[in-house]
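# Residue-level structure breakdown
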Amino acid sequence: MSRQANLKHTTEEDFEMFPQLEIPDTLAAGPGPGNTDPRVLERFAAAGVADHMQVDVVRGMKEAKFMLREVFGTRNAYTFGVCGTGWDGLDCVFSPILPGDTVVSFVNGTFSGIDDFNIRLKASSVEELAKDPMNPRPANVVTIDVPHGESVTGEIIEAALAEHKPMWAFMAHFETGSGRVNDIQGFNDACAKHGAMGIVDAVSSLGIACFSIDDYPAVTSWASCPQKGILGLPLTYAPVSLNGKVIDLVRRRGCYTYVHHPILEARHWCIADGKDVETAAYHRTHSGYAVASFHEALRLLLEYGREQKAEDYEFYEKGLRNAIEAMGCKVTSNMPSLVVFDLPEEFTGKEKELVGKCRERGFAIWPTLSEPTQIRIGILNQLTVGALNDIVGRYADAMTEMGATVDKGRILDDLNSYLSSR
Ligand SMILES: *Cc1c(COP(=O)(O)O)cnc(C)c1O
């Protein structure tokens with residue numbers, strides 16, 4: 001008797017095989033994931049079947065590691081990719097935080113809020129975790145809440161670190177929830193002045209803004225993600241970079257994870273004892289497909305040029321922002337890859353309905369994930385005249401359908417005269 005036949009009696013009698021899964025191509029115009037470049041998809045599909053110790057897979061990881069150092073602007077030996085999504089990279093850079101460590105974390109939206117939650121999980125004692133397992137509130141973590149729609153400023157950071165003098169400080173560079181850029185120079189300076197080790201969520205800034213992390217030496221740890229500025233496929237590698245100070249700390253104190261252990265995971269990227277080495281040490285089974293596509297995404301970014309890309313994001317964001325404002329919406333963000341805005345007052349409350357209609361048509365924009373409800377439109381990998389026209393045109397149609405008076409022709413004319421001004 002086959003296992004299949006046995007199973008049949010325990011499930012629905014009329015079970016039929018599902019058809020192959022078809023996923024449509026949508027216009028990813030949200031905060032992320034961005035539209036994957038065809039070259040990245042091509043490398044993914046063209047990779048042969050090869051295991052995680054095969055010489056070209058390992059070579060690809062080494063080359064990706066060197067490219068990542070360029071992308072981050074760093075000489076940190078511990079610069080590599082953590083398998084998974086942005087949260088995997090962040091989990092890796094938070095893992096050196098041990099129960100009882102003092103932390104000040106700055107929260108100004110959905111993502112820094114989740115980061116703060118992960119920090120509280122790590123910094124809690126066993127008793128504190130047991131007291132409220134799904135939302136522990138250890139006294140040693142001070143969360144500074146900055147209102148949605150506002151940036152974390154140097155003054156806010158300086159005041160909090162001067163008062164609390166923590167071992168660690170945390171901030172998101174770009175808060176994608178509200179579309180706000182936070183003050184990275186102010187964060188670095190306050191960390192240096194008050195002796196805190198800085199951790200930064202650079203998920204939405206790496207590959208979008210041009211900055212070199214070695215210019216911010218008091219920030220010991222940085223984490224990003226595969227699918228925003230890097231424009232690889234989701235679930236490949238989350239770039240991280242940790243400096244010698246935090247690696248020494250981990251060497252002395254250890255941390256409570258195998259899979260996201262910064263020293264152990266780095267071994268597979270041929271990093272050992274603070275140096276590049278020839279041979280990879282098994283940490284987990286890497287995918288040749290993931291390595292090949294991630295490698296191509298990094299090549300694309302470096303070919304384009306970090307500075308050029310940052311300039312282009314700023315230029316195209318301005319075009320999108322002007323068009324959205326010309327439709328009567330109020331933009332509250334200042335991020336170069338994303339605009340976050342309120343509908344004109346008479347349509348307040350219709351944000352989710354409008355976003356839902358756009359998404360049904362494959363125009364994948366987003367609402368905010370935490371209150372207040374706003375609309376988010378992003379331009380990851382949309383840095384062309386055609387793509388901007390498509391996004392603005394589809395959004396203008398959605399506004400018109402909702403009942404707004406929108407002069408689409410004039411808005412597109414203005415957009416194109418702006419885009420041709422360069
Ligand atoms: C998207 C995002 C994350 C989470 O990344 P995933 O790839 O979804 O795990 C974390 N932080 C910020 C600032 C983000 O924008």
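The structure presented is a predicted model; accordingly, all values stated were derived computationally and were not measured.

## Re the site of the ligand
Taken together, Thr85, Gly86, Trp87, Leu90, Phe111, Phe174, Thr176, Asp201, Val203, Ser204, Gln227 and Lys228 make up the full set of residues adjacent to the ligand. Here an oxygen atom of the ligand and a side-chain polar atom of Thr85 are 2.6 Å apart. The side chain of Thr176 places a nitrogen or oxygen atom 2.3 Å from an oxygen atom of the ligand. The protein chains hide 91% of the 390 Å² of surface that the ligand would expose on its own. Taken together, the residues of the shell around the ligand sort by class into five nonpolar, five polar and two charged.

## A short note on the pattern of salt bridges
This structure, assessed with the given rule, holds 24 salt bridges. A salt bridge links Arg251 to Asp248; the shortest N-O distance between them is 3.4 Å. With a gap of three residues between them, Arg251 and Asp248 both fall in helix H9 (residues 244-253), about one helical turn apart. Since its relative accessible area comes to 38%, Asp248 is described here as partly exposed. Taken together, the shared-partner salt bridges in this structure form one network comprising Arg39, Glu296, Arg299 and Glu303.

## Quick word on the environment of Ser287
Tracing the chain through its elements places Ser287 in the loop between strand S12 (275-276) and helix H11 (288-304). We classify Ser287 as partly exposed; its relative accessible area is 28%. C-alpha of Ser287 to C-alpha of His52: the two residues are 235 residues apart in sequence and 6.3 Å apart in space. Here the side chain of Ser287 touches Ala290 through a polar contact of 2.9 Å, landing on its backbone nitrogen.

## Quick look at the domain arrangement of the protein chain
By a frequent convention, interface size equals the accessible area lost on bringing the separate parts together. Taken as a whole, the protein chain is organised into domain 1 (38-302) and domain 2 (306-419). Spacing between the C-alpha centres of domain 1 and domain 2 amounts to 30 Å. Across the contact, 29 residues belong to domain 1 and 22 residues belong to domain 2. Interface of domain 1 and domain 2: buried area, both sides summed, is about 1900 Å²; carbon and sulfur atoms make up 60% of it. Per-residue buried area on domain 1 facing domain 2 is highest for His148, Ile208 and Cys210; these three make up 30% of the total on that side. Between the two partners, domain 1 and domain 2, sit zero salt bridges. If you look at where domain 1 meets domain 2, you find 10 residue pairs in polar contact (both at pLDDT 80 or more). Residue assignment for the side of domain 1 that touches domain 2 shows that the elements contributing at least two residues are helix H3 (55-72), helix H5 (110-123), strand S6 (174-175) and strand S7 (180-181). Ranked by residue count, the leading element in the side of domain 1 that touches domain 2 is H3, at three residues.

## Some points on the packing of aromatic side chains
Per the counting criterion, the structure on display carries 11 aromatic pairs. Between Phe15 and Phe18 the ring centres are 6.0 Å apart and the planes differ by 85 degrees, which places this aromatic pair in the edge-to-face class. Note that Lys228 overlies the ring of Phe111, its terminal NZ or CZ placed 4.9 Å from the centroid. The ring of Tyr304 has Lys309 sitting right over it, with the charged end atom 4.8 Å from the ring centre.

## Section: helix H4 (residues 86-94)
A large share of H4 lies buried, amounting to eight of its nine residues. Listed as buried for H4 are Gly86, Asp88, Gly89, Leu90, Asp91, Cys92, Val93 and Phe94.

## Notes on the packing of H3 against H11
Helix-helix packing is characterised by the crossing angle of the two axes and by the distance between the axes. Here H3 crosses H11 at 30 degrees, and the two axes come no closer than 9 Å. Of the two elements, H3 crosses H11, and the hand of that crossing is left-handed. Packed against H3, whose contacting residues are Val57, Gly60, Met61, Glu63, Ala64, Met67, Leu68, Glu70 and Val71, the element H11 presents Gly288, Val291, Phe294, His295, Leu298, Arg299, Leu301 and Leu302 at the interface. Its residues placed into classes, the contact of H3 with H11 shows 11 nonpolar, three polar and three charged.

## Concerning unusual backbone geometry
Cis geometry marks the peptide bond from Gly32 to Pro33, where omega comes out at 0 degrees. Mapped onto the secondary structure, Pro33 falls in the loop between strand S1 (27-28) and helix H2 (38-46). Residue Glu371 is joined to Pro372 through a cis peptide bond whose omega torsion reads -5 degrees. One non-glycine residue, Cys270, lies in positive phi territory at about 60 degrees. Its place among the elements puts Cys270 in the loop between helix H10 (262-267) and strand S11 (271-272). Positive phi values are uncommon outside glycine, yet Asp273 reaches one of about 50 degrees. Among the secondary structure elements, Asp273 is positioned in the loop between S11 and S12. Since its relative accessible area comes to 64%, Asp273 is described here as exposed.

## With respect to the packing of helix H14 (residues 385-402) against helix H15 (residues 408-419)
H15 packs onto H14 with a crossing angle of 160 degrees between their chain directions and a minimal axis gap of 10 Å. With respect to H15, the axis of H14 lies roughly antiparallel. Where H14 crosses over H15, the handedness of that crossing is right-handed. For the pair formed by H14 and H15, the contact residues are Val385, Leu388, Asn389, Val392, Gly393, Ala396 and Asp397 on the first element and Lys408, Ile411, Leu412, Leu415, Asn416 and Leu419 on the second.

About the criteria used
Residues numbered from 1 in each chain as written. Predicted model: local features only at pLDDT ≥ 70, side-chain atom pairs only at ≥ 80, totals over all residues. Heavy atoms only, no water. Near = heavy atom within 4 Å. Polar contact = N/O pair within 3.5 Å; in protein donor to acceptor, adjacent residues only side chain to side chain. Areas by Shrake-Rupley, 256 points an atom, 1.4 Å probe, with all protein chains shown as cover. Nonpolar A, V, L, I, M, F, W, Y, C, P; charged D, E, K, R; others polar. Salt bridge = Lys/Arg side-chain N within 4 Å of Asp/Glu carboxyl O. Helix = DSSP H or I, 4+ residues; strand = E, 2+ residues; numbered from the N terminus. Buried < 20%, exposed > 50% of the residue type's maximum accessible area, 1.4 Å probe, protein only. Domains from an automatic or database assignment. Contact = heavy atoms within 4.5 Å. Buried area = accessible area lost by both parts, 1.4 Å probe. Phe/Tyr/Trp six-rings, centres within 6.5 Å; stacked < 30°, edge-to-face > 60°. Lys NZ or Arg CZ within 6 Å of the ring centre and 35° of its normal. Axes fitted to C-alpha atoms, helices over the stretch in contact; angles between N-to-C directions. Left-handed = near helix turned anticlockwise from the far one by under 90°. Parallel < 35°, antiparallel > 145°, perpendicular 65-115°, else oblique.

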